[in-house]
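An overview of the molecular structure
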Amino acid sequence: MSIMRLDKYLKVTRLIKRRTIANEACDAGRVFVNGKEARASYDVKENDIIEIHMGAKPLKVKVLKVNEYATKENAGDHYIVIE
């Protein structure tokens, strides 16, 4: 089973465009994993539920797989949008 830092996962899967922005969002308390506020260093695992509260509508996704690399075409295969 693979694990990856939360800020890197958000960037690789293109949920957030840049890793620095992902890091800042975690520091500001806008990212939650499994219902708890998460730091950028949190190790993302399969089946984690990630909530991102940026913009008007929060985004909630379930992690399907954790992979070091993702292309633009297959980035969406790493997660499924829940709400």
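Here's what I pulled together on the structure shown here. (Residues numbered from 1 in each chain as written. Predicted model: local features only at pLDDT ≥ 70, side-chain atom pairs only at ≥ 80, totals over all residues. Heavy atoms only, no water.)

Quick look at the overall build of the protein chain
A count of helices and strands for the protein chain gives two helices and seven strands. Along the chain direction, N to C, the helices and strands of the protein chain fall in the order β-α-α-β-β-β-β-β-β. The C-alpha atoms of the protein chain give a radius of gyration of 11 Å, which matches the 12 Å a tight globule of 83 residues would have. Taken over the C-alpha atoms alone, the protein chain extends approximately 25 × 25 × 20 Å along its principal axes. The buried share of the protein chain, taken over its 83 residues, is 34%. For the protein chain, long-range pairs separated by at least 24 residues make up 39% of all intrachain contacts whose partners lie at least 6 apart in sequence. Accessible area of the protein chain: about 5200 Å², with a carbon and sulfur share of 48%. Computing the positive centroid from 16 side-chain charges and the negative centroid from 12, the protein chain places the two 3 Å apart. (Helix = DSSP H or I, 4+ residues; strand = E, 2+ residues; numbered from the N terminus. Rg over C-alpha atoms; globule rule 2.2 N^0.38 Å. Buried < 20%, exposed > 50% of the residue type's maximum accessible area, 1.4 Å probe, protein only. Contact = heavy atoms within 4.5 Å. Areas by Shrake-Rupley, 256 points an atom, 1.4 Å probe, with all protein chains shown as cover. Lys, Arg positive; Asp, Glu negative; His and termini not counted. Charge placed at Lys NZ, Arg CZ, Asp CG, Glu CD.)

Structural notes on the environment of V81
Within the secondary structure layout, V81 lies in strand β7 (residues 79–81). Of the residues examined, V81 reaches a relative accessible area of 46% and is grouped as partly exposed. For the pair V81 and K60, spaced 21 residues apart in sequence, the C-alpha to C-alpha distance is 6.0 Å. Excluding anything up to four places from it in sequence, V81 contacts L59, K60 and V61.

Topic: the environment of N67
Note that N67 resides in the loop between β6 (59–63) and β7. Those residues in contact with N67 that lie beyond four places of it in its chain are M4, V12 and H78.

As for the nonpolar core
The biggest cluster of nonpolar side chains holds 23 residues, and the ones touching the most others in it are L6, Y9, L10, L15, V31, V44 and I50. Where this core is concerned, the elements lending two or more residues are α1 (6–12), α2 (19–27), β2 (31–33), β5 (49–52) and β6. Ranked by residue count, the leading element in this core is α1, at four residues. Beyond its immediate chain neighbours, meaning those up to four positions away, Y9 contacts M4, L15, V44, I50, V63, K65, V66, H78 and Y79. (Core = buried A, V, L, I, M, F, W, Y, C linked by side-chain atoms within 4.5 Å.)

Some details on the sheet that holds β2
With antiparallel pairing, five strands are arranged side by side in an open sheet as β3-β2-β5-β6-β7. Whereas interior strands pair on both sides, the edge strands pair on one side only; in this sheet they are β3 (36–37) and β7. As defined by bridge partners, β2 adjoins β3 across two bridges and the pair is classed as antiparallel. Bridge pairing in β3 places F32 opposite E37. (Pairing = 2+ DSSP bridges.)

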